Amino acid sequence: MAAYEDQSTRGPMDPERRQQFADLIRRRRSELNQGLTAFSAKAVDPISGVKVSRGWIHRLETGEPITPPVVEELRALATACEYPLETLQDAAGAQFHGVDALASGSSEARAYVHKLDRIPVDQRERLLRLIDTLVPPEEGDL
């Protein structure tokens, strides 16, 4: 798996190493004032029951090679973090696949983008026209 190989070939102190997901988990665990054992005990996917182990979280946080998480593991970690799944998907996409989430000054804009797919096409078109009246598109915008 290329993402796994790419991460394992770099040392923990490599400045090019992407750490968005690891940083998010480490920071949130600290905010919740939880040790690895307590945090991993909460890391259970509410749909499938998949659990994320203490060891995997430790390896993630310390920069050791890991297998990138699948969606069930992301849901488990989202449960432990008390964050929306999309927040973890964005960070994991950035760290493991080099996919950067929507660049924005606010998380509110990202939340709107995540909801767009649930709006019918005709309503999306009307919404875009409304936005264009409020903030005219700049040259080069689609």
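Residues numbered from 1 in each chain as written. Predicted model: local features only at pLDDT ≥ 70, side-chain atom pairs only at ≥ 80, totals over all residues. Heavy atoms only, no water.

## Digging into the confidence of the model for the protein chain
Across the protein chain, the average pLDDT comes to 83, with 80% of residues at or above 70. For the protein chain, the element scoring lowest by mean pLDDT is helix H1 (residues 2-8), at 39; helix H3 (residues 36-42) scores highest, at 98. This stretch, residues 1-15, has a pLDDT under 50; its non-local contacts, to residues over four places away or in other chains, come to 20 contacts. (pLDDT = per-residue confidence, 0-100. Helix = DSSP H or I, 4+ residues; strand = E, 2+ residues; numbered from the N terminus. Contact = heavy atoms within 4.5 Å.)

## Observations concerning the packing of helix H2 (residues 20-31) against helix H5 (residues 71-81)
Relative to each other, H2 and H5 sit at 35 degrees, their axes nearing to 10 Å. Between H2 and H5 lies a crossing of left-handed hand. Taken together, the residues of H5 that come into contact with H2 (itself represented by Phe21, Ile25 and Arg28) are Leu74, Leu77 and Cys81. (Axes fitted to C-alpha atoms, helices over the stretch in contact; angles between N-to-C directions. Left-handed = near helix turned anticlockwise from the far one by under 90°.)

## So, the side chain of Arg29
Secondary-structure assignment places Arg29 in helix H2. Taking relative accessible area as the criterion, Arg29 reaches 15% and is therefore assigned buried. There is a polar contact of 2.7 Å between the side chain of Arg29 and the side chain of Glu61. When near neighbours in sequence (up to four residues on either side) are disregarded, Arg29 contacts Gln34, Gly35, Leu36, Phe39 and Glu61. (Buried < 20%, exposed > 50% of the residue type's maximum accessible area, 1.4 Å probe, protein only. Polar contact = N/O pair within 3.5 Å; in protein donor to acceptor, adjacent residues only side chain to side chain.)

## Describing H2
Along its 12 residues, H2 runs 16 Å from first to last C-alpha, staying within 8% of the 16 Å computed at 1.5 Å per residue. Within the span of H2, buried status applies to Phe21, Ala22, Leu24, Ile25, Arg28 and Arg29. The arc enclosing the buried residues of H2, seen along the axis, measures out at 160 degrees, which places them on a common side. Of the surrounding elements, those touching the buried residues of H2 are H3, helix H4 (54-62), H5 and helix H6 (85-97). Downstream of H2 by one or two residues, Asn33 has phi in the positive range, about 55 degrees. (Expected span 1.5 Å × (residues − 1). Arc of directions from axis to C-beta.)

## A few points about the environment of Lys42
Secondary-structure assignment places Lys42 in helix H3. Note on Lys42: relative accessible area 28%, which makes it partly exposed. Distance in space between the C-alpha atoms of Lys42 and Ala78 is 9.6 Å, their sequence separation being 36 residues. Within the structure, Lys42 has its side chain in polar contact with the backbone oxygen of Ala80 (distance 3.5 Å).

## As for the packing of H5 against H6
Following both chains from N to C, one finds H5 and H6 inclined at 120 degrees, their axes separated by 9 Å at the closest point. With respect to each other, H5 and H6 are oriented oblique. Between H5 and H6 lies a crossing whose hand is right-handed. Note on element contacts: H6 touches H5 through Leu85, Leu88, Gln89 and Ala92, opposite Val71, Leu74, Arg75, Leu77 and Ala78. The residue makeup of the contact of H5 with H6, split by class, is 7 nonpolar, 1 polar and 1 charged. (Parallel < 35°, antiparallel > 145°, perpendicular 65-115°, else oblique. Nonpolar A, V, L, I, M, F, W, Y, C, P; charged D, E, K, R; others polar.)

## A closer look at H5
Considered for burial, the residues of H5 that qualify are Leu74, Arg75, Ala76, Leu77, Ala78, Ala80 and Cys81. Close packing links the buried residues of H5 with H2, H3, H4 and H6. Trailing H5 by a residue or two, Glu82 shows a phi angle of about 60 degrees, which is positive.

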